[in-house]
Amino acid sequence: MKKTYFLTLLFVSIFGYAQTFSGSTGLISDNGQANDFTANVTGLTTPLTPGYGLKQVCMRINHTYDSDLVVQLIAPDGTMVNLFSGVGGAGDNFTNTCLNQSATTSINSGSPPFNGTFKPQETIGNFNNGSSGIGQWKLRIYDTYPADAGILINWSVTFGPNVAGPFVFTSSNLPIVTLNTAGQTIVDSPSIIANMGIIYNGVGVVNTLTDVPTEYNGNVAIEYRGNYSQSLPQKPYALELRDVNNLELNLPILGMPLEHDWCLIANYNDKVFMRNTLAYKLATEMGHYATRSQFCEVVVNGSYQGVYVFMETIKRDNNRVDVSRLDPIEISGLDVTGGYILKNDYWDATNSWQLAYHPIDHPNFNVNLVYDYPKPSTIVPEQKTYIQGFINEFETALYSTNYADPAVGYQKYIDLDSFIDYFIVNELARNNDGFKKSSYFHKTKDNLTSTGKLYAGPVWDFDWAWKNINECSIFAATDGSGWAHKINDCNPDVNSPGWYVRLLQDPNFQNRLRCRWDDFRTTILSNTALNAYIDETAIYLNEAQARHFEKWGNLGISTGTPEVDADPATFAGQITKFKNWINSRITWLDNNIPGTSVGCTLGGNQLENPTQFRVFPNPSNQLVNLSSSSIEIKELKVYNQLGAELLHQTNLGLSGQFSTLQWSNGIYFVQIKGGNNTLEIHKLVVMH
C-alpha cells in the first residue's frame, strides 16, 4: 500500500506540474532578417509527448505595426512552428500574449495588444513528437517591413501535462511532394540544393507518405519566390531540377512537358485554391498558352505545409512560351527580331528601360518594361535597341491619329485576339496585378513575308483576384463593378502602360471584344461551365483542404489580401462566396463590355466555332467520333475540368475515335488542331 502511494506521488511530481523557462530579450531589427532569442531548457525527465510536453508560449513585444511581424518557435531538434504572422494590422504591441493550443480564440481573431491566451496559427502540438525538449529553444522574429522598429521585452516556454499532440499527415488523393534540405535553411536567394520526392501512384489511387517516390526522386535547387507572398506563413518556392552533378535536368513532371524550371505556389492567400488554376484554364481554352499545373500536398523536412499548386514557370520553351530562341550572336537582320518576353513588373536601371510614351490617362506617369527573355544579364545592346525600337513604333502607332487603321495603326504590331483574350481573363477576375506588375508580353520572330507581332500574355498571378479588395475603389466594389485595367487610378506601386485605355477608344476593338465575350459566354464563360469546374475542383480538394486549414488555421479570418467581405469559416462557405462573386462580376461585365456582336465573325484562336470538325455523339456514354470534311486532324487532346490532359493523339487524318468508358460523368474539353492552323475546342458531356 505504501509502495503504491509512493509511485502515485512520484507520477504526480513528474507529470502533474508545469515547468516554465524564460528566454533572452532585445531589439528586433527592422530589416527583414531573422532575430533569434534563446531559452535554455533543462530538467525535463521525459521526451515531449501529449502526456507531458510543450503547453504554452508567452511573450511581450513592443512594436508599432503588429502585422509586420512573423513570430516562430524552434525546438532543439529543429522542429519549427509558426506562432503567428500578419496579425493586428497597424495596431501596436503584444502585451502578455500567450499561445496555447487549448485556447478557444485564435490569434487571427484577436486584436492589439493581444492581451490574453490565443490559439496559434500552427499547432504547437508538433513539438510533442517524442523528441527531447532539453537544449536551446529559439523564438525567431522577422520584421518584414521597414519604418516600425520593436523590442522583445520578455518571453517564455511552459511544459506541462495533457497537452496537444502533433499534427499527423500520412496519405492523400493528391500527389505528395517531399522536400529535405539536410538541415539547410531555405531563403529568398541564393538557392540551396535539397532532395525532392514526388509520390504519385496514378489517378484515383491513394498516395502514402511512406510510398517510394516514383514521379521524381532527386536533387533540386530551391529558394523562396514571389514578393508579398513570401511574407505569409505558407511559403512559395522556386524549383530547378538538378542531376547528380548539380547540372540542370529536364524531365516531365506530373503529366506536364519536360523542363527543369518549376514552382510550388502556396495557397495561404487563396482559400478556394483555384484562383490561379481557373484563370489558366480559361486562357488555355481560349487557345493560348497558360501555365500547366497540378494540385499537391507538400512536406518540408518532415513538417506538413498544406495544399500547393505544382506549376510551370513562365519562360521561353517550345512547350511554354513558344518564341524563337535568341542567342547573343543574333544581332542583325531577321535574327535580332525575336523572340522576346517582356514584363511590366518591379524594375530597376539594370533590368529595364523607360518607355518613350506615358499612359494616355496619366501623362505624368513613367513606365518601364523589364527584359524577361533574354534575361537582363544576357541580352546584348543590339537586342535591347531592337526591342525598344519595336515597342516605340507600336506606341507611336497606338497614339497616332491613324491608330485604328488596320494597315498603319496599332494592329500592324500586336496580335489582336491575344490582347482581347488577356483583357477578358484579367477583367473577369478583376485582377489588380494583371495590368501592372504580373503583366507579360512576348514578341515572335519576323519572317521573310511578315513582321512578328507582340502578344499579350501569358496570364499570370491571380491570388489577389476574384475578390473584393479593401485597397482601392476599383477593387473594393461588392457589386462586381470596376475596370481593373484602370489600375493607374489607384497610384500603384508599379505603373501600367495603360495601352488598353487607348485600345478601347477604337470601335473595331470594342466590337471584336464584345464578339469574343458573347461567344465565350455561351461556352467556357457560361455560369454552368464555371460552376462545374469550381464544384469538381472543390470535391477533388475536399479531403486535403481540411488538413490545410488545420495546419494554417486561417479559415474565417481575413488573412493575406485585405478583403472587404467577411471571411467564411468553412471551405463550403468559401466556395459559395467565390461562385457568388463570379456571378456578380459576370453580370456587370455583360452590361458594361463595350461594342456590339451583331453580325460579328470570329477567326484564329477561339472556343467552339464548330464549322470544320464534328465531335459526336455529344453527350456520349462510350465512343466519341471525330470527323472533318476537308481538313486533316493533326492533333487531338482531351482535358478534364481540372485541366489535366487525359488523351493525346496525332495525325488522325479526316476522322478518329476515342472511348470515354474510363472517365467519370462530367464535362470535358476536346481540343482539335488541323491544317492551316485551325484550332477548335469542343465541350463534351460524358454520361454513362
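Look a little higher up for the structure.
Everything numeric in this text was worked out from a predicted model, so none of it was measured. (Residues numbered from 1 in each chain as written. Predicted model: local features only at pLDDT ≥ 70, side-chain atom pairs only at ≥ 80, totals over all residues. Heavy atoms only, no water.)

A. Highlighting unusual backbone geometry. Of the consecutive residues Pro 112 and Pro 113, the connecting peptide bond is found in the cis state with omega at 5°. Relative to the elements of secondary structure, Pro 113 occurs in the loop between β7 (94-100) and β8 (116-118). A cis amide bond links Tyr 373 to the next residue, Pro 374, at an omega of -10°. Mapped onto the secondary structure, Pro 374 falls in the loop between β24 (368-373) and α3 (381-398). Located in the positive-phi region is Asn 246, a residue other than glycine, with phi close to 65°. Structurally, Asn 246 can be placed in the loop between β16 (237-242) and β17 (251-253). The exposure class of Asn 246 is partly exposed, given its relative accessible area of 36%. A positive phi is found at Phe 273, a non-glycine position, where the angle reads about 70°. By secondary structure assignment, the location of Phe 273 is in the loop between β19 (261-266) and α2 (275-285). (Helix = DSSP H or I, 4+ residues; strand = E, 2+ residues; numbered from the N terminus. Buried < 20%, exposed > 50% of the residue type's maximum accessible area, 1.4 Å probe, protein only.)

B. A look at the nonpolar core. Membership of the largest hydrophobic core comes to 102 residues, with the highest contact counts inside it found for Trp 466 and Trp 499. Beyond its immediate sequence surroundings of up to four residues, Trp 499 is in contact with Leu 355, Leu 369, Ile 391, Phe 394, Glu 395, Leu 398, Tyr 399, Phe 419, Phe 441 and Leu 454. Judged by nonpolar contacts, the second largest core, of 34 residues, contains Leu 44, Val 81, Leu 99 and Leu 152. (Core = buried A, V, L, I, M, F, W, Y, C linked by side-chain atoms within 4.5 Å. Contact = heavy atoms within 4.5 Å.)

C. Inspection of helix α8 (residues 527-552) at higher detail. A rise of 1.5 Å per residue sets the reference length of α8, with its 26 residues, at 38 Å; its end C-alpha atoms lie only 31 Å apart and thus fall more than 12% short of the reference. Of all the bends in α8, the largest measures some 60° and sits at Asn 542. Following α8 by one or two positions, Gly 553 adopts a phi angle in the positive range, close to 60°. (Expected span 1.5 Å × (residues − 1). Bend = angle between axes of the 7 residues up to and from the residue.)

D. Layout of the sheet that holds strand β27 (residues 613-616). Spatial ordering of the open sheet is given by β27-β28-β31, a layout of three strands whose pairing is antiparallel. Edge positions in the open sheet fall to β27 and β31 (655-659), since each of these has one partner strand only. When strand polarity is set aside, the average angle formed by the axes of neighbouring strands in this sheet is 15°. Where strand β28 (residues 623-628) lies against β31, five bridges are found, and the strand directions are antiparallel. Opposite Leu 626, over in β31, you have Gly 656 as the bridge partner. (Pairing = 2+ DSSP bridges. Axes fitted to C-alpha atoms, helices over the stretch in contact; angles between N-to-C directions.)

E. Structural detail: the packing of aromatic side chains. For the coordinates displayed, the defined rule picks out 40 aromatic pairs. Between Phe 21 and Phe 159, the aromatic rings sit 5.9 Å apart at their centres with planes inclined by 70°, giving edge-to-face as the arrangement. You can see Phe 21 sitting in strand β1 (residues 19-22) and its partner Phe 159 sitting in strand β10 (residues 150-161), a full 138 residues away along the chain. A residue is classified by how much of its surface remains accessible, and Phe 21, at 13% relative accessible area, is buried. (Phe/Tyr/Trp six-rings, centres within 6.5 Å; stacked < 30°, edge-to-face > 60°.)

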